[in-house]
Amino acid sequence: MTQITPELLASHGIKPDEYQRILEIMGREPNLTELGIFSVMWSEHCSYKSSKKWLKTLPTTAPWVICGPGENAGIIDIGDGDAIVFKMESHNHPSFIEPYQGAATGVGGILRDVFTMGARPIANMNALRFGDPANPKTRHLVAGVVAGIGGYGNCVGVPTVGGETNFHKSYNGNILVNAMTVGLAAKDRIFYSAAAGVGNPVVYFGSKTGRDGIHGATMASAEFDEKSEEKRPTVQVGDPFTEKLLIEACLELMATDAIVAIQDMGAAGLTSSSFEMASKGGLGIEMDLDAVPMREEGMTPYEIMLSESQERMLMILKPGKEDLAKAIMDKWELDFAVVGILTDTGRMVLKRHGAVVADLPIDPLAQASPEYDRPWVSPAKAPVVHAEDVKLVEPTEALRKLVACPDLASKRWIYEQYDHMVMGDTVQRPGGDAAVVRIHGTDKAVAITTDCTPRYCQADPHEGGRQAVAEAYRNLCAVGALPMAVTDNLNFGNPEKPEIMGQIVEAIKGMGEACRELDFPVVSGNVSLYNETQGSAIQPTPAIGAVGLLPEVGKMATVAFKEAGNSIVLLGETKGWLGASLYLREICGREEGAPPPVALHREHRAGELVRQLIGDGMVRACHDVADGGLLVAVAEMCMAADGIIGAELDHPSTLPLHAWCFGEDQGRYVLEVRDDQVATVIEEAQEHDVAVRVIGRTGGFVISIGGRAIPVEELRSAHEGWLPAYMGGEMSGH
Amino acid sequence: MKAAVIVFPGSNCDRDVAVALEASMGAKPLMVWHRDTQLPDLDLIVVPGGFSYGDYLRCGAMAAHSPIMREVKARAQGGTRVLGICNGFQILCESGLLPGVLMRNRDLRFICKDVYLRVENDRTDFCRYYRSGDVVRFPIAHAEGNYQVDPHTFREMEDNGQIAFRYADGDGKVSDATNPNGAMGNVAGVYNAKKTVLGLMPHPERLAEDLLGGIDGRLMFDSLVEALS
């Protein structure tokens, strides 16, 4: 038997105190297979041991929440018997090591989380963070990740409808690939993972098990060093064609009454799926590993249990339903095998070649995994930057630079590589505030967005956490949707460092405040820690994915200005907040200052007002004011127009011009309103106690402010030009 | 009109085209599984887009040899109208029902966007509601849409009115700048010699409803209904 040495424990990421606990639970020394199982089950990736204590503080319930965190994905009720199933998940470490396969399997994994619950996936999103464009690796990573997301999503036939992409040097050695899937299920046909029925068969189906991805979950729970690229063999390889067959086969089987419980094999593969199902049902499993369909000969129990081969599922069938299920899998040419049986022992007993090779108690592994209250310190507050201390650059010149900076430049080069129209329900394509996808065969739709402003989170994780949620809320309201619920993907550095743990704690506190105030519960999520390379951490990035409901899709709003001669109306207060702004970073080269505060009660009122105005047909176009501030928002509305529509803007004398144009004050929207409706809009805004001001008119070919003007076409070519030129190798950054 | 949609493992536009057909026909088309070997009496067979058999080996190559395709070929030879969209176009080329092949896009990337097409021949059952020279807007979504055929055959096809659509700009001007994938002569879709089989890379079913952004594609299905009912 393999000797358990300190080196072996270290290579499995098991700390000495954790090993003591293993000895107590086992009552003996574990063998290698058992140790491997503990290692993946207790990895940060699977156990959330550092974040659990804080995640519990997030609001997770509402009358419309059918299923909150803890299952494969969250579920909300959108009426008429329809349910929306969604979740966002990271695939950061694999994507840095092998960008195409890392990103592709990230998409595959999150799709499985959603269709496992009985939902047909109807939309994919992704939130991506890359390093400095000038970093020699960035271009290759962007190309690989985008091709991988497209390669997988396009083939399975689920539209990739939107997302966000940022660039910052803190991601040079740790890119973030956060993928989100939204699915549609019948409210009374939802499938869960809790095993039930002693004696029921445990069934494996999908692809065969190979040696790929062994210890992926453990890798995702460690910092990177210069040897990380040697871990390429731990990155799994995706097969989207098999995933497509798996979707169809699952949904066909789910239409029968054969399934008791079902779970996909994600991180930690057969181990986590079998332990979670048994643990949730309070049962045991006896599994014959010889029955597992295998791609290679001579696989050990350790390899079989820890493989992260993709496109595999585990389910508990009702007795006597094996033939029915097998016939469906045969039709779709998928592997099918009864690999075990449910027992009442509460133990996982694994056999190979007739001998017991592992015998573990299930609950202590699955539910009693370690939970840490890691020490943390709140980061020091960044000082407020005053507009008078910020260099004043001629606004049209600053605007031209801003719309072409890496974070704001058009992402068309990316989303045109994604099939965003398949399934025939994409009503609002990528590029707007939120994607809008119709519920097939109805007049209602869901709006979907992903948001986070990492530079705010770096400056103040608490305020940044609030802002990420508020911005998602705003993006949904801006298309006219009622914000319903959130999935979060928390990406941070090493939680064993108190200052990083402080970022995690503060960001979660901020998110929780915003979710509570905005009636916007968290129904699913994922945590990715140890995003550090050689001791240097990423900017804290609590990415928020959110879903809203549009009862009448025909009433939705879009960002594009519709015609000349309308009024441009600004909702919300402008104080000219330049701290932590893109103007400060991109124009002045300063990454500093406190981020703009979010007034949640005002956010709520403004959101309500915007939805009402859109629903009443008072709004020709709507856009929230975010990165880059007011002038950038107006420019984006001009550039999105069909043809050319300019804007003539005025400005108040009470604020410096750059603060008015580029301040990133929160809770604001820009509306295009017909002149005969302006009075009503102002009246409604006053009734909702939301600041309102007519700031200009649509028309002409230029955007003009403060006596200067810039042609919309010039902005458009700068905005559209940056990413293709960068990816074409024409420039080494900005 | 009686229509069927062939479904291969990996097809993913089968539902989309069925929805568009139903809107024009007023009835649901028959969905036919790739392992079937017989077809009922039909006026139109649609081979939809997607990634049949994962596009492994070569796009459309494996689907071209699936059981149902023998029957589709026989029906096509008997004059039944056949429409292949995107992966369906690739399958029809691989099956020999249409001349030519579809190579990787010249910039090697998948591309999904609306394009303008110039209608080249309106005297077919597929294009009655268009006029030659009309400009229509259809979306494309493919990585292998670069149509190539030997120059001699290409000239014959041009002379015989077998070019269905060419990639153009909004004014109908055809140039290299409007060619999204490197296709020979900006060709987006072609007919067989009798104009009873049409294959095209763009997706008419994706712009067959106002809410989705336009109805240029719907006119193709309306044309078929008008011609074949």
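Preceding this paragraph is the structure being described.
Residues numbered from 1 in each chain as written. Chains lettered and ligands numbered in written order. Predicted model: local features only at pLDDT ≥ 70, side-chain atom pairs only at ≥ 80, totals over all residues. Heavy atoms only, no water.

Would you mind going over the overall build of chain A in detail, with residue names and values included?
The secondary structure content of chain A amounts to 25 helices and 28 strands. Scaling as 2.2 N^0.38, a compact globule of 734 residues should have a C-alpha radius of gyration of about 27 Å, and chain A matches this with 26 Å. Taking all 734 residues of chain A together, the buried fraction comes to 66%. Long-range contacts, defined as pairs at least 24 residues apart, comprise 85% of the intrachain contacts of chain A with a sequence gap of at least 6. Carbon and sulfur atoms make up 51% of the accessible area of chain A, which totals about 23600 Å². Averaged over its 63 positive side-chain charges, chain A has a centre that lies 1 Å from the centre of its 98 negative ones. (Helix = DSSP H or I, 4+ residues; strand = E, 2+ residues; numbered from the N terminus. Rg over C-alpha atoms; globule rule 2.2 N^0.38 Å. Buried < 20%, exposed > 50% of the residue type's maximum accessible area, 1.4 Å probe, protein only. Contact = heavy atoms within 4.5 Å. Areas by Shrake-Rupley, 256 points an atom, 1.4 Å probe, with all protein chains shown as cover. Lys, Arg positive; Asp, Glu negative; His and termini not counted. Charge placed at Lys NZ, Arg CZ, Asp CG, Glu CD.)

Outline the packing of aromatic side chains, listing residues and values.
All told, the structure shown has 14 aromatic pairs over all chains when counted by the stated rule. Aromatic pair Trp722 of chain A and Tyr726 of chain A: ring centres 5.1 Å apart, planes at 5°, arrangement stacked. Highlighted residues: Trp722 of chain A and Tyr726 of chain A, both in helix 25 (residues 712-727), separated by 4 residues, approximately one helical turn. Both residues of the pair, Trp722 of chain A and Tyr726 of chain A, count as buried. Ring centres 5.8 Å apart and planes at 15° place the aromatic pair Phe89 of chain B and Tyr147 of chain B in the stacked group. Note that Phe89 of chain B is positioned in helix 3 (residues 87-95) and Tyr147 of chain B in strand 8 (residues 146-148), a separation of 58 residues in sequence. Across the pair, Tyr147 of chain B and Phe89 of chain B agree in class, each one buried. Through successive ring pairs, a cluster of aromatic residues spans Phe130, Phe167, Trp722 and Tyr726 of chain A. For Arg21 of chain A, the ring lying beneath its charged end belongs to Trp42 of chain A, and the centroid distance is 6.0 Å. Its end group placed over the ring of Trp33 of chain B, Lys331 of chain A keeps NZ or CZ at 5.0 Å from the ring centre. (Phe/Tyr/Trp six-rings, centres within 6.5 Å; stacked < 30°, edge-to-face > 60°. Lys NZ or Arg CZ within 6 Å of the ring centre and 35° of its normal.)

Outline the packing of helix 22 (residues 630-640) of chain A against helix 25 of chain A, listing residues and values.
Residue and element names in this part refer to chain A. At a minimum axis separation of 10 Å, helix 22 and helix 25 run at an interaxial angle of 95°. Put simply, helix 22 runs roughly perpendicular to helix 25. Of the residues in helix 25, those touching helix 22 at Ala635, Cys638 and Met639 are Val712, Leu715, Arg716 and His719. For the contact of helix 22 with helix 25, the per-class residue count stands at 5 nonpolar, 1 polar and 1 charged. (Axes fitted to C-alpha atoms, helices over the stretch in contact; angles between N-to-C directions. Parallel < 35°, antiparallel > 145°, perpendicular 65-115°, else oblique. Nonpolar A, V, L, I, M, F, W, Y, C, P; charged D, E, K, R; others polar.)

Provide a residue-level description of the pairing of strand 10 (residues 312-317) of chain A, including the pertinent values.
Residues and elements named next belong to chain A. Burial analysis of strand 10 places 6 of its 6 residues in the buried class, the great majority of the element. Residues of strand 10 alternate between two faces, with Arg312, Leu314 and Ile316 on one and Met313, Met315 and Leu317 on the opposite face, all of them buried. Alignment of strand 7 (residues 201-206) against strand 10, held across 5 bridges, turns out to be antiparallel. Bridge pairing in strand 10 places Val203 opposite Met315. The sheet contact formed by strand 8 (residues 259-264) and strand 10 spans 5 bridges and is antiparallel. Bridging across to strand 10, Ile259 finds its partner in Leu317. (Pairing = 2+ DSSP bridges.)

Can you tell me about empty space enclosed by the protein, naming the residues and giving the values?
This structure, assessed with the given rule, holds 4 cavities of 30 Å³ or more. Computed from the structure, the largest cavity encloses a volume of approximately 60 Å³. Looking at the largest cavity, the residues that line it are Met421, Gly424, Asp425, Thr426 and Arg429 of chain A together with Arg206, Leu207 and Leu212 of chain B. Partitioning the lining of the largest cavity into residue classes produces 3 nonpolar, 2 polar and 3 charged. Considering only enclosed or pocket space, the second largest cavity measures out at about 50 Å³ in volume. Around the second largest cavity, the lining residues are Asn166, Phe167, His168, Tyr171, Asp407, Pro454, Arg455, Gln539 and Arg585 of chain A. If you list the elements that add at least two residues to the lining of the second largest cavity, you get strand 5 (160-167) and helix 17 (454-459) of chain A. Of the residues that constitute the lining of the second largest cavity, the class distribution is 3 nonpolar, 3 polar and 3 charged. (1 Å grid on protein atoms, 1.4 Å probe; cavity = no way out; pocket = protein on both sides within 12 Å on 5 of 7 lines; lining within 4 Å. Points joined across faces, edges and corners; volume = space filled by probe spheres on them.)

Any details on the sheet that holds strand 5 of chain A? Residues and values, ideally.
Residue and element names in this part refer to chain A. Here 6 strands make up an open sheet; going across it, the order is 1-2-3-6-4-5 and the pairing mixed. Of all strands in the sheet, those bounded by a partner on one side alone are strand 1 (65-67) and strand 5. Adjacent strand axes in the sheet meet at a mean angle of 20°, parallel and antiparallel pairs treated alike. Summarising the sheet, strand 2 (residues 74-77) and strand 3 (residues 82-90) pair through 4 bridges and their orientation is antiparallel. For Asp77, the partnering residue across the bridge sits in strand 3 and is Ala83.

Let's hear about helix 11 (residues 269-281) of chain A: which residues, and what values?
All names here are of chain A. Over its 13 residues, helix 11 extends 19 Å from the first C-alpha to the last, a length consistent with the 18 Å expected when each residue adds 1.5 Å. Of all 13 residues making up helix 11, 10 are buried, and the element is well covered by its neighbours. Taken residue by residue, helix 11 has Gly269, Leu270, Thr271, Ser272, Ser273, Ser274, Phe275, Met277, Ala278 and Ser279 as its buried positions. (Expected span 1.5 Å × (residues − 1).)

Would you mind going over the pattern of salt bridges in detail, with residue names and values included?
The full count for this structure, using the stated rule, is 69 salt bridges over all chains. The shortest N-O distance in the salt bridge between Glu592 of chain A and Arg590 of chain A comes to 3.0 Å. Looking at Glu592 of chain A, the relative accessible area reads 38%, which means it is partly exposed. A salt bridge links Glu120 of chain B to Arg166 of chain B; the shortest N-O distance between them is 3.1 Å. Placement of Glu120 of chain B in the loop between strand 6 (111-119) and strand 7 (135-142) and of Arg166 of chain B in strand 9 (residues 163-168) is noted, with a sequence separation of 46 residues between them. Each of Asp425 and Arg438 of chain A together with Arg15 and Glu209 of chain B takes part in a single network of salt bridges with overlapping partners. (Salt bridge = Lys/Arg side-chain N within 4 Å of Asp/Glu carboxyl O.)

Report on the nonpolar core, specifying residues and quantitative values.
Across soluble globular proteins, nonpolar side chains have a tendency to be buried as a group. Met315 of chain A together with Leu83, Tyr147 and Phe165 of chain B are the most contacted members of the largest nonpolar core, which totals 130 residues. By residue number, the principal contributor to this core is helix 10 (residues 240-254) of chain A, which donates 9 residues. In this structure Tyr147 of chain B touches Phe89, Cys93, Pro99, Gly100, Val101, Leu102, Met157, Ala183, Met184, Val187 and Val190 of chain B, once residues within four positions along its chain are discounted. By size, the runner-up hydrophobic cluster in this structure holds 89 residues, among which are Ile76, Val446, Ala557 and Ala606 of chain A. (Core = buried A, V, L, I, M, F, W, Y, C linked by side-chain atoms within 4.5 Å.)

Please provide a residue-by-residue account of the interface of chain A and chain B, values included.
Taken together, the 31 residues of chain A in the interface contact 28 residues of chain B. Both faces considered, chain A and chain B share a buried interface measuring about 2400 Å² in area, 57% of it formed by carbon and sulfur atoms. Taken as a group, Phe241, Glu416 and Met421 of chain A account for 22% of the area that chain A buries against chain B, more than any other trio of residues on that side. Inspection of the region where chain A meets chain B yields 5 salt bridges. Asp425 of chain A serves as the salt-bridge partner of Arg15 of chain B, at 3.4 Å between the closest nitrogen and oxygen. Scanning the region where chain A abuts chain B turns up 12 residue pairs in polar contact (both at pLDDT 80 or more). When residues of the side of chain A that touches chain B are traced back to their parent elements, those giving at least two are helix 8 (138-156), helix 10, helix 13 (322-331) and strand 14 (426-428) of chain A. Per element, the largest residue contribution to the side of chain A that touches chain B is 4 residues, and it comes from helix 10 of chain A. Broken down by class, the residue content of the side of chain A that touches chain B amounts to 13 nonpolar, 8 polar and 10 charged. (Buried area = accessible area lost by both parts, 1.4 Å probe. Polar contact = N/O pair within 3.5 Å; in protein donor to acceptor, adjacent residues only side chain to side chain.)

Without other data, these values stay purely geometric and don't point to any function.
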